[in-house]
Amino acid sequence: MGQVSIRLNGYVYNVGCQDGEEAHLYDMARHVEGWLQRARTLGGAASESKTLMMAALLMADEIFELKRRQISPQAEAQIQQAKQFLRLEGARQDRLARLAGQAELLAAELERTP
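The notes below deal with the structure included here. (Residues numbered from 1 in each chain as written. Predicted model: local features only at pLDDT ≥ 70, side-chain atom pairs only at ≥ 80, totals over all residues. Heavy atoms only, no water.)

**Section: the pairing of strand β1 (residues 2–8)**
Thought 1: Only one face of β1 is covered, namely the face carrying Gly-2, Val-4, Ile-6 and Leu-8; the face carrying Gln-3, Ser-5 and Arg-7 is uncovered.
Thought 2: As paired strands, β1 and strand β2 (residues 11–17) are joined by seven bridges and run antiparallel to one another. If you follow Gly-2 over to β2, its bridge partner there is Cys-17.
Thought 3: Counting the residues in the hairpin turn of β1 and β2 gives two residues, including Asn-9, whose phi is positive at 55°. (Buried < 20%, exposed > 50% of the residue type's maximum accessible area, 1.4 Å probe, protein only. Helix = DSSP H or I, 4+ residues; strand = E, 2+ residues; numbered from the N terminus. Pairing = 2+ DSSP bridges.)

**Brief notes about the pattern of salt bridges**
Thought 1: Enumeration over the complete set of coordinates arrives at five salt bridges.
Thought 2: When the shortest N-O distance is used, the salt bridge between Glu-65 and Arg-69 registers 3.1 Å. You can see Glu-65 and its partner Arg-69 sitting in helix α2 (residues 48–69), four residues apart, about one turn around the helix.
Thought 3: In this structure Glu-65 comes out as partly exposed when scored by relative accessible area, which is 27%.
Thought 4: Looking at Arg-69, the relative accessible area reads 59%, which means it is exposed.
Thought 5: Ionic pairing is found between Glu-89 and Arg-92, a salt bridge with its closest N-O pair at 2.8 Å. (Salt bridge = Lys/Arg side-chain N within 4 Å of Asp/Glu carboxyl O.)

**So, the nonpolar core**
Thought 1: Counting residues in each nonpolar core, the largest one holds ten residues, listed as Val-4, Ile-6, Leu-8, Cys-17, Leu-25, Ala-29, Trp-35, Leu-36, Ala-39 and Ala-55.
Thought 2: Among the elements of the structure, β1 and α1 (22–43) are those that each provide at least two residues to this core.
Thought 3: With five residues, the single largest contributor to this core is α1.
Thought 4: Once you skip the residues sitting within four places of it in the chain, Ala-39 turns out to touch Thr-51, Met-54, Ala-55 and Leu-58. (Core = buried A, V, L, I, M, F, W, Y, C linked by side-chain atoms within 4.5 Å. Contact = heavy atoms within 4.5 Å.)

**A word on unusual backbone geometry**
Thought 1: Backbone geometry at Asn-9 places phi at a positive 55°, although glycine is not the residue there.
Thought 2: Tracing the chain through its elements places Asn-9 in the loop between β1 and β2.

**Focus: the side chain of Thr-51**
Thought 1: Looking at the element boundaries, Thr-51 is found in helix α2.
Thought 2: Every residue in contact with Thr-51, bar those within four places of it in the chain, is listed here: Asn-9, Leu-36, Ala-39, Arg-40 and Ala-46.

**As for the environment of Phe-85**
Thought 1: By the element assignment, Phe-85 lies in helix α3 (residues 73–112).
Thought 2: Separated by 28 residues in the primary sequence, Phe-85 and Thr-113 have C-alpha atoms spaced 42 Å apart.

**Things to note about the side chain of Asn-9**
Thought 1: Look at Asn-9 and you get buried, because its relative accessible area is 16%.
Thought 2: Polar side-chain contacts of Asn-9 include one of 2.5 Å to the side chain of Arg-40.
Thought 3: What Asn-9 contacts, discounting residues up to four positions off in sequence, is Glu-33, Leu-36, Arg-40, Glu-48, Thr-51 and Leu-52. (Polar contact = N/O pair within 3.5 Å; in protein donor to acceptor, adjacent residues only side chain to side chain.)

**Concerning the environment of Gln-3**
Thought 1: Along the chain, the position of Gln-3 falls in strand β1.
Thought 2: Separated by 79 residues in sequence, Gln-3 and Ala-82 place their C-alpha atoms 48 Å apart.
Thought 3: The residues contacting Gln-3, other than those within four sequence positions of it, are Asn-14, Val-15 and Gly-16.

Structure follows, in structure tokens:
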């Protein structure tokens, strides 16, 4: 099991993680620290608890917005059906174009024959 030391809001925390997850944990800590920096910018000289609360609200706002933008499973299924229809329709159009070309060749051949 891995162990990393991360710094958040001026404090160092030792955190355990799965082996190989250390870099990911450092990335998450940098992300959270960025939110803390934004919260400090918005809140001025606020207490630590207010800074943490503001950062949590900013992160929650982003999560809610991302969830709102997600496509529902039903919509995803409809998109896949539409893509399948378009593929089939494209194949049909190609086949019709080939058949039309063959029909034109046959008509031209019939016109040349006495």
